[in-house]
Amino acid sequence: MESTLDNGQVRSAKEFDNGKINSFIENVEDLTHALRDVETPEIARVKAKVKIALAAAKSALSDSAAQVRSQALQASRNTDTYVRDNPWQVVGIAALIGIAVGILASRRPD
């Protein structure tokens, strides 16, 4: 089955997921802070596991953000190289886009 999502939709989904993950992490941190006064062996064991899991989740989010930044920087470099190597093609493409936008903007709904 082929995916029909565009980059904007994928980006929105990732941002939504990251927001949900950050919210979940904050809720778990709040829970561990609320349980800080409860001292039983089971709670201590669970708190230790939760702290390890939170550290891993934060690290994964950080790595993911670093990967996105790296990909954006690479895309920027590739675009810059293409524009420098093909300035007239870029001017032509920009002119065509400008004409298309002008035509679409000049149409008035009846």
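None of the values given here were measured: they were computed from a predicted structure.

With respect to the overall build of the chain
Reasoning step 1: Looking only at helices and strands, one finds three helices and zero strands in the chain.
Reasoning step 2: For the chain, the sequential pattern of α-helices and β-strands runs α-α-α.
Reasoning step 3: On the chain, roughly 9,500 Å² of surface is accessible, and the fraction owed to carbon and sulfur atoms is 60%.

What about the pattern of salt bridges?
Reasoning step 1: Summed over all chains, the structure comprises one salt bridge.
Reasoning step 2: Taking the shortest distance from any N to any O, the salt bridge between Asp80 and Arg84 comes out at 2.9 Å. You can see Asp80 and its partner Arg84 sitting in helix 2 (residues 41-85), four residues apart, about one turn around the helix.
Reasoning step 3: Of the residues examined, Asp80 reaches a relative accessible area of 38% and is grouped as partly exposed.
Reasoning step 4: Since its relative accessible area comes to 63%, Arg84 is described here as exposed.

Some points on a nonpolar patch on the surface
Reasoning step 1: A surface patch of nonpolar side chains, about 440 Å² in accessible area, is lined by Tyr82, Val83, Ile93, Ile97 and Val101.
Reasoning step 2: Of all the secondary structure elements, the ones that give two or more residues to the nonpolar patch are helix 2 and helix 3 (87-106).
Reasoning step 3: If you tally residues by element for the nonpolar patch, the top one is helix 3, at three residues.

A short note on the environment of Thr32
Reasoning step 1: Positionally, Thr32 belongs in helix 1 (residues 7-34).
Reasoning step 2: Taking the C-alpha atoms as reference points, Thr32 and Ile43, separated by eleven residues in sequence, lie 9.5 Å from one another.
Reasoning step 3: When neighbours within four sequence positions are excluded, Thr32 is seen to be in contact with Lys47 and Val50.

So, the packing of helix 2 against helix 3
Reasoning step 1: Helix 3 packs onto helix 2 with a crossing angle of 100° between their chain directions and a minimal axis gap of 5 Å. Taken as axis vectors, helix 2 and helix 3 run roughly perpendicular relative to one another. Contacts between helix 2 and helix 3 involve Tyr82, Val83, Arg84 and Asp85 from the former and Pro87, Gln89 and Val90 from the latter.
Reasoning step 2: For the contact of helix 2 with helix 3, the class distribution of residues is four nonpolar, one polar and two charged.

Description of helix 2
Reasoning step 1: The terminal C-alpha atoms of helix 2 lie 66 Å apart, and with 45 residues this matches the ideal 66 Å at 1.5 Å per residue to within 8%.
Reasoning step 2: Turning to helix 2, its buried residues number three or more, namely Lys47, Leu54 and Leu61.

Observations regarding the confidence of the model for the chain
Reasoning step 1: Of all residues in the chain, 82% attain a pLDDT of 70 or more, and the chain-wide mean is 79.
Reasoning step 2: At the level of individual helices and strands, the chain shows its lowest average pLDDT in helix 1, which scores 69, and its highest in helix 3, which scores 92.
Reasoning step 3: Low pLDDT, under 50, characterises residues 1-5; the stretch is placed with two contacts to residues that sit more than four places away or in other chains.

The rules we used
- Residues numbered from 1 in each chain as written.
- Predicted model: local features only at pLDDT ≥ 70, side-chain atom pairs only at ≥ 80, totals over all residues.
- Heavy atoms only, no water.
- Helix = DSSP H or I, 4+ residues; strand = E, 2+ residues; numbered from the N terminus.
- Areas by Shrake-Rupley, 256 points an atom, 1.4 Å probe, with all protein chains shown as cover.
- Salt bridge = Lys/Arg side-chain N within 4 Å of Asp/Glu carboxyl O.
- Buried < 20%, exposed > 50% of the residue type's maximum accessible area, 1.4 Å probe, protein only.
- Patch = residues over 30% accessible without salt bridge, like charges linked within 9 Å, V, L, I, M, F, W, Y side chains within 5 Å.
- Contact = heavy atoms within 4.5 Å.
- Axes fitted to C-alpha atoms, helices over the stretch in contact; angles between N-to-C directions.
- Parallel < 35°, antiparallel > 145°, perpendicular 65-115°, else oblique.
- Nonpolar A, V, L, I, M, F, W, Y, C, P; charged D, E, K, R; others polar.
- Expected span 1.5 Å × (residues − 1).
- pLDDT = per-residue confidence, 0-100.

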